[in-house]
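Okay, here's what each chain looks like letter by letter:
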Amino acid sequence: MEFIEITEILIKLVVGLSILKVWLINRDKSTPWRGGNASSMQEEFAAYGLSKNAMIIVGTLKCLFAVLILISIYYKAVEYTGAIGIALLMLGAIVMHFKINDPIKKSVPAAIFLLLSLAIIFI
């Protein structure tokens, strides 16, 4: 296995597992990255002016795309769908942080995952 293939697998593992951790394990935990003064995912979406249903839809899509990225380690056909989906949702997250005038640092995780998703697409 070449260095670039190993790097791509590591990026996919980081992106896929991190997204799943945020949405399935840390959803109700406070982090320094949450929008506004939110201490949970539901409070964060409320800070953005979005409903609980929007949170459920976004969370379902992020988890779906994260799983596709993980599956793409073995089955390349789903790679672009997963990575493009995560990239678009991360772009949306950055827009939401700017919408509510969050400090730039709160957009850093979304920006990192956007860049990693683009790396998956272009590697």
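For the structure, see preceding data.
Bear in mind the structure is a predicted one, so any value in this text is a computation, not a measurement.

(A) The pattern of salt bridges, seen in detail. Counted by the stated rule, this structure contains 5 salt bridges. A salt bridge links Glu79 to Lys76, with the shortest nitrogen-to-oxygen separation between them at 3.1 Å. With a relative accessible area of 3%, Glu79 lands in the buried category. Sharing partners across several salt bridges, the network here consists of Glu8, Lys12, Lys76 and Glu79.

(B) Inspection of helix 4 (residues 79–99) at higher detail. The end-to-end C-alpha distance of helix 4 is 30 Å, a good match for the 30 Å that 21 residues give at a rise of 1.5 Å each. All of the buried residues in helix 4 are Glu79, Gly82, Ala83, Gly85, Ile86, Ala87, Leu89, Met90, Ala93, Ile94 and His97. Looking at the packing, one finds that the buried side of helix 4 touches helix 1 (3–25), helix 2 (41–47), helix 3 (52–71) and helix 5 (108–122). Positive phi appears at Asn101, one or two residues downstream of helix 4, with a value of about 60°.

(C) Seen up close, the packing of aromatic side chains. Applying the stated rule across the entire model yields 2 aromatic pairs. Each ring, one from Trp23 and one from Phe45, has its centre 5.9 Å from the other, and the planes form 75°; the classification is edge-to-face. One end of the pair, Trp23, is in helix 1; the other, Phe45, is in helix 2, and 22 residues separate them in sequence. Residues Trp23 and Phe45 agree in their burial class; the two are buried.

(D) Main features of the packing of helix 4 against helix 5. At a minimum axis separation of 8 Å, helix 4 and helix 5 run at an interaxial angle of 155°. When the axes of helix 4 and helix 5 are compared, the pair comes out roughly antiparallel. Crossing hand, helix 4 versus helix 5: left-handed. Side by side, helix 4 and helix 5 meet where Glu79, Tyr80, Ala83, Ile84, Ile86, Ala87, Met90, Leu91, Ala93 and Ile94 of the first sit next to Ala110, Ala111, Phe113, Leu114, Ser117, Leu118, Ile120 and Ile121 of the second. Each residue belonging to the contact of helix 4 with helix 5 can be placed in one class, and the counts come to 16 nonpolar, 1 polar and 1 charged.

(E) Examining the layout of surface pockets more closely. What the largest pocket holds in volume is close to 600 Å³. Breaking the lining of the largest pocket down by element, the ones donating at least two residues are helix 1, helix 2, helix 3, helix 4 and helix 5. If you tally residues by element for the lining of the largest pocket, the top one is helix 4, at 6 residues. Looking at the lining of the largest pocket, its residues break down into 16 nonpolar, 5 polar and 5 charged.

Calculation rules
- The written sequence of each chain sets the order in which its residues are numbered from 1.
- For this predicted model, a pLDDT threshold of at least 70 governs which residues receive local features, and a threshold of 80 or more governs which side-chain atom pairs are given and counted, while totals over whole chains, interfaces and linings are taken from all residues.
- Side-chain descriptors were evaluated using all non-hydrogen atoms of the structure, hydrogens and water having been removed beforehand.
- By definition here, a salt bridge exists when the distance from a side-chain nitrogen of Lys or Arg to a carboxyl oxygen of Asp or Glu is within 4 Å.
- Buried means the residue's accessible area, taken with a 1.4 Å probe over protein chains only, is under 20% of the maximum for its type, while exposed means over 50%, and partly exposed covers the values in between.
- Only runs of H or I of at least four residues qualify as helices and only runs of E of at least two qualify as strands under DSSP, and these elements are numbered from the N terminus.
- A helix is expected to reach a length of 1.5 Å times the quantity of its residues less one.
- Note on contacts: a residue pair qualifies if any of its non-hydrogen atoms lie within 4.5 Å across the two residues.
- Only Phe, Tyr and Trp rings are paired, with Trp represented by its six-membered ring, and only when their centres lie within 6.5 Å; those with planes under 30 degrees apart are stacked, over 60 edge-to-face, the remainder tilted.
- The convention used is that axes are lines fitted to C-alpha atoms, helices contributing only their stretch in contact, and that angles between N-to-C directions extend from 0 to 180 degrees.
- Any angle that is under 35 degrees is reported as roughly parallel, and any over 145 degrees as roughly antiparallel; angles of 65 to 115 degrees are reported as roughly perpendicular and all others as oblique.
- With the far helix as reference, a near helix turned anticlockwise by less than a right angle produces a left-handed crossing, and one turned clockwise produces a right-handed crossing.
- Three classes are used, and their members are as follows: Ala, Val, Leu, Ile, Met, Phe, Trp, Tyr, Cys and Pro are nonpolar, Asp, Glu, Lys and Arg are charged, and the others, Gly among them, are polar.
- Using a 1 Å grid laid over the protein atoms alone, points where a 1.4 Å probe fits but cannot get out form a cavity; open sets with protein on both sides within 12 Å along at least 5 of 7 lines form a pocket; any residue with an atom within 4 Å of a point counts as lining.
- Grid points are joined across faces, edges and corners, and a volume is the space filled by probe spheres set on the points.

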